[in-house]
Amino acid sequence: MLRLFLLLFCTINYVFVAEAQLAKTEKKLVRSVDQNTEMAIDLLKTVVNINSGTFNLKGVRQVGEIFAREYKDLGFEVQWIPGDAFGRAGHLVATKISSKGPKILLIGHLDTVFEPDSPFQQYEIKDGHMIHGPGALDMKGGDVIMLLALKALKENNLLDKVSVKVFLVGDEELSGNPLELSKKDLVEAGKWADIAIGFEDGDGKLENANISRRGSADWTLKVTGIPAHSSQIFQPEIGAGAIFETARILNEFYKKLGTEVNFTFNPGLISGGNSVSYNVETQKSEAFGKNNIVSKEVIVTGDMRAVSKDQLERTRQIMMEIIRDNYPHTTATLTFGDDGYPPMTMTEGNKQLLAMYSKISEDLDYGPVYPVNPRNSGAADISFVADDVKMAIDGIGMCGTGGHTIEETADLNCLPIEAKRTALLLYRLSLLSEF
Ligand SMILES: [Zn+2]
């Protein structure tokens, strides 16, 4: 009984303390979010029901127009960046500049992986609070969360304490070509900003956020040897052949890089023989060879994923050293693709931002927020700006499961929670003296 009493006492005390952590203004922000949640859910339903598969340019624009209207209502200046130059719909940018406070970039995307021919098109409620719908989780839910948070700031006359740029990308799921043009304006927005916040669903859990994401890059290894009759292999004038040399290189990669923390590399395709052809577009390869010919050519293509530019550079150097140490009469070249996604490095600033966000979550009585292991999170749009800002966090959008599948489901109960945490984060960032 005493134990129960103590437990009750502690629980009540905890709730009381948690409530008391909120300043008067913050309580008003919480109330605003609660008052607007129903409107936000209606908006989510509207945008989920509009197909905006990346290649449905009209649909992506249509979703953009709806958000453009909402941001105009909040007093933002709205701009549509056309995507003709990179073969996509384009991006929506909504800006509200203030003379004081930090410059904050909020990142979302308008497109989904579900094109008009997908069987998955409609918003549908399950069990009262779960919604099954294309993009509900990834990431129209996140787009609505940021709007709901900004609306709360606006209603409490707090929007002029920060400068905000909302960047809703139109081609996140499959970036336009060339990538550089598709990401150009986002990169520029990152250069403008002090802080970047991404509303991707992350791992779909309320208690996690991303402050580090791995970047990825492709590589191609080409190896040559001297073709000869197989009976002559290892003779001083013939050497080891291209296939043995490739086996050496890949094995060395494995031995020297396999233990590197949070780093992975993977040979995805290999072809070797007397002659090899490889088509980059179709990723198909053909090889011709014979059992009695020392191999002349090998091609291997693969990717690598690293948590920081530093790690990417360092591992590339190790790979370059390995390919130079050739077996007799073989040569190897290794090239890296330049259109990869950059990593989002776990910086002190990012850790600080997560600590702030986690504290807010606790003050709101939603418990702490932990960093997602970068091993489990791929690149996202925030990776293109993370290097240029002092602080960055991502994955604080909608909760749910099944993203990118027809099982995609989002939890509506998360919507006001995430919006409250975001509103308070923006507010507390506006109070920081360093900006
Ligand atoms: Zn997404």
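Residues numbered from 1 in each chain as written. Predicted model: local features only at pLDDT ≥ 70, side-chain atom pairs only at ≥ 80, totals over all residues.

1. Quick notes on helix H3 (residues 57-73)
Part 1 of the argument: In this model, H3 (17 residues) spans 25 Å end to end at C-alpha, consistent with the 24 Å of a helix rising 1.5 Å per residue.
Part 2 of the argument: The inward-facing, buried residues of H3 abut helix H2 (24-48), strand S1 (77-82), strand S2 (90-96), helix H4 (136-155) and strand S6 (163-169).
Part 3 of the argument: Immediately downstream of H3, the backbone of glycine 75 shows phi near 85 degrees, a positive value. (Helix = DSSP H or I, 4+ residues; strand = E, 2+ residues; numbered from the N terminus. Expected span 1.5 Å × (residues − 1). Contact = placed C-beta atoms within 7 Å.)

2. Comments concerning the pairing of strand S9 (residues 215-224)
Part 1 of the argument: Of the two faces of S9, only one is covered, namely that formed by Gly215, Ala217, Trp219, Leu221 and Val223; the face formed by Ser216, Asp218, Thr220, Lys222 and Thr224 stays uncovered.
Part 2 of the argument: Here S9 pairs with strand S13 (residues 297-306) via 10 bridges, running antiparallel. Each residue of the ladder has a partner; that of glycine 215, found in S13, is alanine 306.
Part 3 of the argument: As paired strands, S9 and strand S14 (residues 331-336) are joined by six bridges and run antiparallel to one another. (Buried ≥ 20, exposed ≤ 12 C-beta atoms within 10 Å, placed from the backbone. Pairing = 2+ DSSP bridges.)

3. Regarding the packing of helix H6 (residues 241-257) against helix H7 (residues 309-324)
Two measures define how a pair of helices packs: the angle their axes make with one another and the distance between the axes.
Part 1 of the argument: Direction vectors running N to C along H6 and H7 enclose 145 degrees, while the axes themselves pass 10 Å from each other. The two elements H6 and H7 cross, and the hand of that crossing is right-handed. Here Ile249, Glu252, Phe253, Lys256 and Leu257 of H6 lie close against H7, whose contacting residues are Thr315, Ile318, Met319, Ile322 and Ile323.
Part 2 of the argument: The residue inventory of the contact of H6 with H7, partitioned by class, reads seven nonpolar, one polar and two charged. (Axes fitted to C-alpha atoms, helices over the stretch in contact; angles between N-to-C directions. Left-handed = near helix turned anticlockwise from the far one by under 90°. Nonpolar A, V, L, I, M, F, W, Y, C, P; charged D, E, K, R; others polar.)

4. So, the sheet that holds S9
Part 1 of the argument: Reading across from one edge, S10-S13-S9-S14 is the order of the four strands in this open sheet, with antiparallel pairing throughout. This sheet does not close on itself; its edge strands, each paired only once, are strand S10 (264-273) and S14. Sheet twist, expressed as the average angle between the axes of neighbouring strands with direction ignored, equals 15 degrees.
Part 2 of the argument: Where S10 lies against S13, nine bridges are found, and the strand directions are antiparallel. When the sheet's bridge partners are listed, proline 267 is paired in S13 with glycine 302.
Part 3 of the argument: Strand contacts of H6: S9, S10, S13 and S14, with the helix running at about 175 degrees to S10, the strand carrying the most contacts.
Part 4 of the argument: H7 rests against S9, S13 and S14 of the sheet, and its axis sits at about 165 degrees to S14.

Take it as geometry only, folks, not as evidence of what the structure does.
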